[in-house]
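# Structural overview
So you can see what is in the structure, the chains are spelled out below.
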Amino acid sequence: MLILTCPYCGVRAEETELAPGGEAHLKRIGPDGSDEAFESYLFDRTNTKGVQLERWRHAYGCGKWFLAARDTVTMQVYGTYEAQAFGPNEDVQATVRVRHPDWSYKL
Amino acid sequence: MHTGWKRAWAKATPKDRYKVVVVGAGGHGLATAYYLGKNFGIRDVAIIEKGWLGGGNTGRNTTIIRSNYLQDPSAAIYEKSRSLYETLSQELNYNIMFSPRGLIMLAQTEHEVRGYKRTAHANYLQGVATEWIDRDRVKKLCPIMNIDGPRYPVLGGLYQARGGTARHDAVAWGYARACSDMGMDIIQNCEVTGIETVDGHVTSVSTSKGNIGCEKLALVVAGHSSQLAGMAGFRMPIESVALQALVSEPIKPCMDVVVMANTVHGYLSQSDKGEMVIGGGTDGFNNFTQRGSWHHIEETVRALVETFPMLSRLKMLRQWGGIVDMTGDRSPILSTTPVGGIFVNCGWGTGGFKAIPGSGWAMAELIAKGTPGPLSAEFGLNRFREGRFIDESVAAGVAH
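Residues numbered from 1 in each chain as written. Chains lettered and ligands numbered in written order. Predicted model: local features only at pLDDT ≥ 70, side-chain atom pairs only at ≥ 80, totals over all residues.

## Considering the overall build of chain A
Each helix and strand counted, chain A has two helices and six strands in total. Reading the helices (α) and strands (β) of chain A from amino to carboxyl end gives β-β-β-α-β-β-β-α. For chain A, the C-alpha radius of gyration of 14 Å lies close to 13 Å, the compact-globule estimate for 107 residues. Its C-alpha atoms give chain A principal-axis dimensions of about 40 × 35 × 20 Å. (Helix = DSSP H or I, 4+ residues; strand = E, 2+ residues; numbered from the N terminus. Rg over C-alpha atoms; globule rule 2.2 N^0.38 Å.)

Encoded structure:
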């Protein structure tokens, strides 16, 4: 059972309380974007095998969107952070690097 | 009694170079290789596999075969596939135990009634033999069903009399033996670690068994398509999620049709051994573990128990998950790629087993000619940029 802590209300929520929202930190493409950029934004995914930064919504709780660092191979949750952040905070990064010392992320 | 069995396909060590290297010795990869040899005379082929032959989703599905899709391109390729299944045992001289026992997709909401009537009309125009049947006919075809609800009453169904099941392992083994007999090399425990290109054209693949040169490369790896595409330097519109199924203890024959209940994400058939084979829904999040979330099993079983009350006393023997490759429109990708000589066949998502022969047929044509034929033309990667979706997530519901 997947358990994530909502960074807003602090509740340790199990997955039936949560709605998954796919990869995080996608660059939103506006009306000026090329077809290629728009396709990439809408459909192309890194689909990471390993540490993935992703979106979740505390659907049956406070209702807020938040972000999480989760391992798609081991299902380990390294930490959660606010949806407004441009990347995982130092604590989350440090937790990931305990398991994956060379890990880095691209935005 | 069980003596004298011979090796069905030859053990092979990789040569330096092949005309075509197919990555992935599951049903789709093997069928691709088989039709390359049979339809196009291309036999200088290696099929390389990270694990063991048929050990991925080919061995982890619910063996359902049907072609009652809404959109024309889907109906064409799935019906091609279903019709190839009809004679596959004879063609391969290998008993794949194709059992066209009939398949009902239950309508349990008014929305589904309208949807399936529409599909029946579409299938009529496409030349796919399906029909809308009322609830009494459903009950007659499947007497163990409780059609009165209360929560999920059966209102009718979309019936495909020539839908059914086949023995999933045998499909892979039959194609493998035929490929081997044509002189192709099937190399197991051979993981691809890199893809080399020169001037935007593939030249070789690096594997755990050394470097293998190739003129053309086919990536037929389902849930790991994004990873292989990443090695070649492009991204895919694919997300990998877990899809689960489970099987009960064997019981006496009680059900001789396949029933799919898409409202509740459950589908059910009885295997020749007597086990009730139950398929469930997918998780919503990316996952490479071949395990799924428990609550999906709970949802599926809870709903099926209402429609099939006798299931409530059954013990479940096994549960498993496969990593399925989901696309944005829930339709597959058979396509050229940004890299010359590399072709992808993936995105079959939750419905790949039924498509194995047709997928191999269309993919072989794509590889041999370098451009898509009529079966695969609509399934190119460019449809995501151009907005030409083949939207089966609406047409078929989630269960595939």
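That was the structure; now back to the text.
## Some details on the overall build of chain B
Looking only at helices and strands, chain B has 11 helices and 18 strands in total. The C-alpha atoms of chain B give 21 Å as radius of gyration, which agrees with the globular expectation for 400 residues (21 Å, within 12%). With the C-alpha coordinates aligned to their principal axes, the bounding extent of chain B is approximately 65 × 60 × 40 Å. When each of the 400 residues of chain B is scored for burial, the buried share is 56%. Summarising the internal contacts of chain B: among those between residues at least 6 apart in sequence, 75% fall at separations of at least 24. (Buried ≥ 20, exposed ≤ 12 C-beta atoms within 10 Å, placed from the backbone. Contact = placed C-beta atoms within 7 Å.)

## What about the domain arrangement of chain B?
One can read the domain layout of chain B as domain 1 (17-62 + 169-238 + 329-395) and domain 2 (100-162 + 239-327). Its residues placed into classes, the side of domain 1 of chain B that touches domain 2 of chain B shows seven nonpolar, 11 polar and three charged. (Domains from an automatic or database assignment. Nonpolar A, V, L, I, M, F, W, Y, C, P; charged D, E, K, R; others polar.)

## A look at the sheet that holds strand β5 (residues 65-71) of chain A
Residues and elements named next belong to chain A. Read from one edge to the other, the open sheet built from four strands follows the order β3-β4-β5-β6, with strand pairing classed as antiparallel. Every interior strand has two partners, whereas the edge strands, β3 (19-23) and β6 (77-82), have only one. Direction aside, the axes of adjacent strands within the sheet are offset by 30° on average. Where helix α2 (residues 90-99) meets the sheet, it contacts β4 (51-57), β5 and β6, and its direction lies at approximately 165° from that of β6. (Pairing = 2+ DSSP bridges. Axes fitted to C-alpha atoms, helices over the stretch in contact; angles between N-to-C directions.)

## Side note on the sheet that holds strand β15 (residues 275-282) of chain B
Residue and element names in this part refer to chain B. Read from one edge of the open sheet, eight strands run β5-β6-β4-β13-β14-β15-β12-β16, paired in mixed fashion. For this open sheet the edge positions go to β5 (131-133) and β16 (316-327), each flanked by a neighbour on one side alone. Strand-to-strand twist of the sheet, defined as the mean angle between neighbouring strand axes without regard to direction, takes the value 20°. Of the pairings in the sheet, the one linking strand β13 (residues 258-261) to strand β14 (residues 266-270) comprises three bridges and is antiparallel in character. Residue pairing for β14: Met260 is matched across the bridge by Tyr267.

## So, the interface of chain B and chain A
By a frequent convention, interface size equals the accessible area lost on bringing the separate parts together. The interface is formed by 20 residues belonging to chain B together with 19 residues belonging to chain A. Going through the elements one at a time, α7 (225-232), β12 (238-250), α8 (294-307) and α10 (383-386) of chain B are the ones with two or more residues in the side of chain B that touches chain A. Here the side of chain B that touches chain A gets three residues from one element, more than from any other, and that element is β12(B). The class makeup of the residues in the side of chain B that touches chain A is seven nonpolar, 10 polar and three charged.

## Observations regarding the confidence of the model for chain B
Residues and elements named next belong to chain B. Predicted confidence across chain B gives a mean pLDDT of 94, with 98% of residues reaching 70 or more. Segment residues 395-400: pLDDT under 50, and 19 contacts once partners within four positions in sequence are set aside and those in other chains are kept. Model confidence for the complex is summarised by a pTM of 0.95, with the ipTM given as 0.93. (pLDDT = per-residue confidence, 0-100.)

## Some remarks on the nonpolar core
Ranked by internal contacts, the top residues of the largest apolar core, which has 121 residues, are Val21(B), Ile47(B) and Leu219(B). A domain-level breakdown of this core finds at least three residues from each of domain 1 (17-62 + 169-238 + 329-395) and domain 2 (100-162 + 239-327) of chain B. Counting residues in hydrophobic clusters, the runner-up holds 15 residues, among them Leu4(A), Cys6(A), Ala13(A) and Leu53(A). (Core = buried A, V, L, I, M, F, W, Y, C linked by C-beta atoms within 7 Å.)

## Considerations on the packing of helix α1 (residues 27-40) of chain B against helix α6 (residues 168-181) of chain B
Residue and element names in this part refer to chain B. Where α1 contacts α6, the axes come no closer than 9 Å and their chain directions differ by 35°. The handedness of the crossing between α1 and α6 comes out as left-handed. For the pair α1 and α6, the contacting residues are Gly27, Leu30, Ala31, Ala33, Tyr34 and Gly37 in the first and Val171, Ala172, Tyr175, Ala176, Ala178 and Cys179 in the second. When its residues are assigned to classes, the contact of α1 with α6 shows 10 nonpolar, two polar and no charged. (Left-handed = near helix turned anticlockwise from the far one by under 90°.)

## Notes on the environment of Pro250(B)
Residues and elements named next belong to chain B. Relative to the elements of secondary structure, Pro250 occurs in strand β12. Considered as a pair, Pro250 and Ser271 are 21 residues apart in the sequence and their alpha carbons are 8.5 Å apart. Contacts of Pro250, omitting those with residues within four sequence positions, involve Lys273, Gly274 and Glu275.

## Looking at the confidence of the model for chain A
In this model, chain A carries a mean pLDDT of 94, and residues with pLDDT of at least 70 account for 100%. Looking at the elements of chain A, mean pLDDT is at its lowest for helix α1 (residues 35-42) of chain A, recorded as 91, and at its highest for β5(A), recorded as 98.

## Some thoughts on the pairing of strand β4 (residues 103-107) of chain B
Residues and elements named next belong to chain B. Counting buried positions along β4 yields five of five residues, so the element is predominantly enclosed. By the alternation rule, side chains of β4 split into Leu103, Met105 and Ala107 and Ile104 and Leu106, which are all buried. Summarising the sheet, β4 and strand β6 (residues 156-160) pair through five bridges and their orientation is antiparallel. Directly across from Leu103, in β6, lies its bridge partner Gln160.

## Focus: unusual backbone geometry
All names here are of chain B. Between Gly149 and Pro150 the backbone carries a cis peptide bond, its omega angle lying at 15°. Non-glycine residue Met97 carries a positive phi angle of around 55°. Positive phi outside glycine occurs at Asn189, with the angle close to 50°. With respect to the element layout, Asn189 can be found in the loop between β8 (185-187) and β9 (192-198). Classification of Asn189 as exposed rests on a count of 12 C-beta atoms within 10 Å.

## Observations concerning helix α9 (residues 356-369) of chain B
All names here are of chain B. Compared with the 20 Å implied by 1.5 Å per residue over 14 residues, the 20 Å span of α9 between its first and last C-alpha is a close match. Counting buried positions over the 14 residues of α9 gives 12, a clear majority of the element. Every buried residue belonging to α9 is among Ile356, Pro357, Gly358, Ser359, Gly360, Trp361, Ala362, Met363, Ala364, Glu365, Leu366 and Ile367, and all of these are buried. (Expected span 1.5 Å × (residues − 1).)

## Some thoughts on the pairing of strand β17 (residues 333-336) of chain B
Residue and element names in this part refer to chain B. Across four bridges, β17 lies against strand β18 (residues 342-346) in antiparallel orientation. Bridge pairing in β18 places Leu334 opposite Asn345. The antiparallel hairpin formed by β17 and β18 contains five residues in its connecting segment, where Gly341 sits at a positive phi of about 85°.

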